[in-house]
Amino acid sequence: MPDFAAGPNWLVGAVWNGRWWVLAGSVGAVCVWGAVRWWWLRRARALLLERSVVALVPAAGFDPSLEEIDRHAARLARVPSVVGWAPQRALGVRVRLSSTNSQLSYRLEGPAQAAALLQLQGFADVDVVDPYARHGVPRIRFEGVPPLPRLESTEGASA
């Protein structure tokens, strides 16, 4: 039983007598902290590589109300709660505005776990599109019907 009347000398003596245990515990704590920190940074890097991108393309007469803008901002603020337990640097939502051929494009980049939240249509006159998809005209094929001849091959045959 330590003698509390002696003051802090008993604590100094106890630490000095068990100094090897104190050193081993300190080294162990630093190693555990380093391993957790390394795992946390690797998790952030993996989440940053798996980002989801959504493009919002407004119509020509797009004029949102303040209520729609507030709803959209509140939805973007909910992204960290949807993702859950993740590093802070991987939870951010990036908003990119660009214009090509006088057409405004509004891109949202966020964590892959929040892709469904980012793809929700919050405005009436806005189309949600995948910015990496090719939006060409799909080819229609009918079974049992031969393809039509090309125009240049029919012109060469008539001459």
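Use the structure listed above.
Computed from a predicted model, the values in this text were never measured in an experiment.

K.L.:
I tried to follow the overall build of the protein on my own but got confused; where do I start?
P.N.:
Of the regular secondary structure elements, the protein holds six helices and four strands. Secondary structure elements of the protein occur, N-terminal to C-terminal, as α-α-β-α-α-β-β-α-β-α. Residues classed as buried in the protein amount to 19% of the 159 residues present. Restricting the contact set of the protein to residue pairs at least 6 apart, pairs at least 24 apart contribute 72%. In the form shown here, the protein has an accessible surface area of approximately 12,600 Å², with 61% of it arising from carbon and sulfur atoms.

K.L.:
Would you mind going over the environment of V129 with me for this structure?
P.N.:
Locating V129 in the fold gives a position in strand 4 (residues 126-129). For V129, a relative accessible area of 26% puts it in the partly exposed group. In sequence terms V129 and A55 are 74 residues apart; their C-alpha atoms lie 5.3 Å from each other.

K.L.:
Quick question: what am I supposed to make of the nonpolar core here?
P.N.:
Generally speaking, soluble globular proteins have nonpolar side chains that are buried together. By size, the foremost hydrophobic cluster in this structure holds 15 residues, and its most contacted members are L56, V79, V83, A86, L108 and L118. For this core, the secondary structure elements donating two or more residues are strand 1 (51-58), helix 4 (79-83) and helix 5 (115-118). Not counting residues within four places of it along the chain, the set of residues in contact with L56 comprises H72, L104, S105, Y106, L108, V126, D127 and V128.

K.L.:
So what exactly am I meant to see when it comes to the pattern of salt bridges here?
P.N.:
Close approach of charged atoms allows side chains with opposite charge to pair. One pass over the structure, following the stated rule, counts four salt bridges. For the salt bridge of E67 with R71, the shortest nitrogen-to-oxygen distance reads 3.7 Å. Residue E67 and its partner R71 are both found in helix 3 (residues 66-77); the two are separated by four residues, about one turn of the helix. The exposure class assigned to E67 is exposed, which follows from its relative accessible area of 54%. By relative accessible area, which is 47% here, R71 ends up partly exposed.

K.L.:
Sorry if this is basic, but what is going on with a positive patch on the surface here?
P.N.:
On the surface, a cluster of positive charge is made up of R37, R42, R45 and R89. Here R89 falls in the exposed class, since its relative accessible area comes to 54%.

K.L.:
Got a minute to help me understand the packing of aromatic side chains in this structure?
P.N.:
By convention here, two paired aromatic rings are described through the distance between centres and the angle between planes. Tallied over the entire structure, the rule returns four aromatic pairs. With a centroid separation of 5.8 Å and an interplanar angle of 50°, the aromatic rings of W39 and W40 are classed as tilted. Judged by relative accessible area, which is 38%, W39 ranks as partly exposed. With a relative accessible area of 22%, W40 lands in the partly exposed category. Ring centres 6.2 Å apart and planes at 35° place the aromatic pair W39 and W85 in the tilted group. Of this pair, W39 sits in helix 2 (residues 19-49) while W85 sits in the loop between helix 4 and strand 2 (94-100), and the two are 46 residues apart along the sequence. Put simply, the rings of W39, W40 and W85 pair up and form one aromatic cluster.

K.L.:
Please clarify how the environment of L47 should be interpreted in this entry.
P.N.:
With respect to the element layout, L47 can be found in helix 2. With relative accessibility at 8%, the residue L47 sits in the buried group. Every residue in contact with L47, bar those within four places of it in the chain, is listed here: A86, P87, A90 and Q113.

K.L.:
What is the right way to read the layout of surface pockets from this model?
P.N.:
One way to see where empty space is left: roll a probe the size of a water molecule over the atoms. Of the pockets and cavities examined, the second largest pocket occupies roughly 170 Å³. As for the second largest pocket, its lining consists of L56, P58, F62, P64, I69, H72, L97, L104, Y106, F123 and V126. Taken together, the elements giving at least two residues each to the lining of the second largest pocket come down to strand 1, helix 3 and strand 3 (103-111). Looking at the lining of the second largest pocket residue by residue, the class counts come to 10 nonpolar, one polar and no charged.

Rules of the game
- Residues numbered from 1 in each chain as written.
- Predicted model: local features only at pLDDT ≥ 70, side-chain atom pairs only at ≥ 80, totals over all residues.
- Heavy atoms only, no water.
- Helix = DSSP H or I, 4+ residues; strand = E, 2+ residues; numbered from the N terminus.
- Buried < 20%, exposed > 50% of the residue type's maximum accessible area, 1.4 Å probe, protein only.
- Contact = heavy atoms within 4.5 Å.
- Areas by Shrake-Rupley, 256 points an atom, 1.4 Å probe, with all protein chains shown as cover.
- Core = buried A, V, L, I, M, F, W, Y, C linked by side-chain atoms within 4.5 Å.
- Salt bridge = Lys/Arg side-chain N within 4 Å of Asp/Glu carboxyl O.
- Patch = residues over 30% accessible without salt bridge, like charges linked within 9 Å, V, L, I, M, F, W, Y side chains within 5 Å.
- Lys, Arg positive; Asp, Glu negative; His and termini not counted.
- Charge placed at Lys NZ, Arg CZ, Asp CG, Glu CD.
- Phe/Tyr/Trp six-rings, centres within 6.5 Å; stacked < 30°, edge-to-face > 60°.
- 1 Å grid on protein atoms, 1.4 Å probe; cavity = no way out; pocket = protein on both sides within 12 Å on 5 of 7 lines; lining within 4 Å.
- Points joined across faces, edges and corners; volume = space filled by probe spheres on them.
- Nonpolar A, V, L, I, M, F, W, Y, C, P; charged D, E, K, R; others polar.

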